[in-house]
Amino acid sequence: MHRDGDGPTLGRAPRIEEVEMAVPKKRTSKQRKRKRRTHYKAEPVTVNTCSKCGDPKVPHRVCPTCGHYRDEPVIEVEVD
Ligand SMILES: [Zn+2]
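Quick caveat, the model's predicted, so the values are computed rather than measured.

Q: For this particular structure, what's the right way to read the overall build of the protein?
A: Along the backbone of the protein there are 1 helix and 4 strands. Going from N to C terminus, the protein has its helices and strands arranged as α-β-β-β-β. Burial analysis of the protein (80 residues in total) assigns 2% to the buried set. Taking the intrachain contacts of the protein between residues at least 6 apart in sequence as the baseline, contacts between residues at least 24 apart amount to 0%.

Q: Explain unusual backbone geometry to me, please; I cannot follow it from the model alone.
A: For residues other than glycine, phi is negative in most cases, and the peptide bonds are mostly trans. With phi around 65°, His60 is a residue other than glycine that occupies positive phi space. Within the secondary structure, His60 is located in the loop between strand S2 (56–57) and strand S3 (68–69). Judged by the 9 C-beta atoms lying within 10 Å of it, His60 is exposed.

Q: Would you mind going over the confidence of the model for the protein with me for this structure?
A: Predicted coordinates in areas of low pLDDT are best not read in detail. Mean pLDDT for the protein: 85, with 81% of residues reaching 70 or above. Between the elements of the protein, mean pLDDT differs from a low of 88, seen in strand S4 (residues 72–73), to a high of 97, seen in helix H1 (residues 30–36).

Q: Would you explain the environment of Asp71 in this entry?
A: With respect to the element layout, Asp71 can be found in the loop between S3 and S4. By C-beta crowding, Asp71 is classed as exposed, having 8 other C-beta atoms within 10 Å. Spatially, the C-alpha atom of Asp71 lies 9.6 Å from that of Cys53, the residues being 18 residues apart in sequence. If sequence neighbours within four positions are ignored, Asp71 has contacts with Ser51 and Lys52.

What counts and what doesn't
Residues numbered from 1 in each chain as written. Predicted model: local features only at pLDDT ≥ 70, side-chain atom pairs only at ≥ 80, totals over all residues. Helix = DSSP H or I, 4+ residues; strand = E, 2+ residues; numbered from the N terminus. Buried ≥ 20, exposed ≤ 12 C-beta atoms within 10 Å, placed from the backbone. Contact = placed C-beta atoms within 7 Å. pLDDT = per-residue confidence, 0-100.

Take a look at the structure:
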C-alpha cells in the first residue's frame, strides 16, 4: 500500500523535505536564561604604560601621546 506523509519511511532514503531539524524540547525559562547569562560580563579595558613616554596606552597599539610603537617612531603626533 502506498502512503505519503508522516511516519517512518523504511527501505528508502528520506527525501530532503522529510528530514526534520533539531528543535528544543522545552522553552528556556526566564530564570534559566538569566542564570546562563550571569557569566556574560564586560571585560575591563587593559591599559599599559608607554615604555617611551610613560603615558597610559592600549597594548598592541601605537602610543597616542608620542606616536611610538615598541620604541620605534611610527606616526607623527601634533604637539599643542
Ligand atoms: Zn608614548
